Amino acid sequence: RVVSAPAEWMITVAVAPDPANRLLRVETDGRPGEYHSSDFALDGVRAAYLRQVPIKVASGGCYWFIATVYNSSQAVASTTHGPVTVIGLDGNPCPE
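(A) View of the overall build of the protein chain. Scanning the protein chain from N- to C-terminus turns up zero helices and seven strands. Along the chain direction, N to C, the helices and strands of the protein chain fall in the order β-β-β-β-β-β-β. Overall size of the protein chain, expressed as C-alpha extent along the three principal axes, is 50 × 20 × 15 Å. Counting only carbon and sulfur atoms, one obtains 53% of the accessible surface of the protein chain, whose full area is about 5,800 Å². If you average the places of the 7 positive and of the 9 negative side-chain charges in the protein chain, the two averages end up 8 Å apart.

Put into C-alpha cells, the structure is as follows:
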C-alpha cells in the first residue's frame with residue numbers, strides 16, 4: 001500500500017469471535033515521533049467481526065501497522081502486521 005503525506009487511510013481488521021477475546025490494539029509505527037495506537041474493547045463472541053480503524057500520519061516514511069488481539073488473561077491471542085509506504089513532499093518515501 002502506498003499513499004502520499006500527509007496521509008489518512010482505513011485499515012480493516014477481521015477478528016474471529018471468541019469468548020476469550022477482550023482487546024484489539026492497532027498500532028502504526030514508523031519514523032521517530034510517528035507511533036500511534038488505538039485500543040478497542042472486544043466482547044468475546046458478540047464482538048464485531050470487522051473493525052475499520054482510521055490511521056493518520058503527517059510525514060513520509062516506511063510504516064508498519066500491527067493488529068493484536070488480547071484474551072481475558074491479557075495474553076496475545078493473535079497478531080498480524082503489514083507495511084505502508086507514505087510518500088513525503090520531497091517524493092522520497094523512506095528517508096535514510
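Now that the structure has been shown, we can carry on.
(B) Representation of unusual backbone geometry in the model. Phi at glutamine 74 takes a positive value of approximately 65°, unusual for a residue other than glycine. Considering the arrangement of structural elements, one finds glutamine 74 in the loop between β6 (61-71) and β7 (76-87).

(C) Main features of the nonpolar core. In this structure, Trp9, Val13, Leu24, Val26 and Val86 are the most contacted members of the largest nonpolar core, which totals 19 residues. Contributing elements (two or more residues each) for this core: β2 (7-14), β3 (21-29), β5 (50-57), β6 and β7. Contact partners of leucine 24, with chain neighbours within four places excluded, come to Val13, Val15, Ser38, Asp39, Phe40, Leu42, Arg51, Ala67, Thr68 and Val69.

(D) Layout of the environment of glutamate 27. With respect to the element layout, glutamate 27 can be found in strand β3. Through-space distance from the C-alpha of glutamate 27 to that of serine 37 is 4.2 Å; in sequence the pair is ten residues apart. For glutamate 27, the residues in contact, after removing those within four places along its chain, are Tyr35, His36, Ser37, Trp64, Phe65, Ile66 and Thr68. For glutamate 27, the side chain forms a polar contact with the side chain of tyrosine 35, separated by 2.5 Å.

(E) Expanded view of the pattern of salt bridges. Summed over all chains, the structure comprises two salt bridges. Arginine 46 serves as the salt-bridge partner of aspartate 43, at 3.1 Å between the closest nitrogen and oxygen.

(F) Representation of the environment of threonine 28. Inspection of the secondary structure puts threonine 28 in strand β3. Overall, the relative accessible area of 2% leaves threonine 28 in the buried class. The spatial distance from the C-alpha of threonine 28 to the C-alpha of proline 83 is 9.5 Å, given a sequence separation of 55 residues. Apart from residues lying up to four places away in sequence, threonine 28 is in contact with Glu34, Tyr35, His36, Ile55, Val57, Tyr63, Trp64 and Phe65.

Criteria and thresholds
- Residue numbers here run from 1 along each chain, matching the order of that chain's written sequence.
- A pLDDT threshold of at least 70 governs which residues receive local features in this predicted model, and a stricter bar of 80 or more applies before side-chain atom pairs are shown or counted, although totals over entire chains, interfaces and linings include all residues.
- The side-chain quantities take in all heavy atoms of the structure and omit both hydrogens and water.
- The secondary structure listing takes helices from DSSP runs of H or I that are at least 4 residues long and strands from runs of E that are at least 2 residues long, numbered from the N terminus.
- Only the protein chains shown count as cover for residues, and all accessible areas are computed by the Shrake-Rupley method using a 1.4 Å probe.
- Neither His nor the chain ends contribute to the count of charged residues, in which Lys and Arg are positive and Asp and Glu negative.
- The atoms used to mark charge sites are NZ of Lys, CZ of Arg, CG of Asp and CD of Glu.
- Nonpolar core, defined: a set of buried Ala, Val, Leu, Ile, Met, Phe, Trp, Tyr and Cys residues in which side-chain atoms within 4.5 Å join the residues together.
- Accessible area is worked out with a 1.4 Å probe on protein chains only. A residue is then buried under 20% of its type maximum, exposed over 50%, and partly exposed in between.
- Should any heavy atoms of two residues lie within 4.5 Å, those residues are considered in contact.
- Polar contacts, as used here, are pairs of N or O atoms within 3.5 Å; protein pairs need one atom able to donate a hydrogen and one able to accept it. Residues neighboring in sequence count only if both atoms are side-chain atoms.
- By definition here, a salt bridge exists when the distance from a side-chain nitrogen of Lys or Arg to a carboxyl oxygen of Asp or Glu is within 4 Å.

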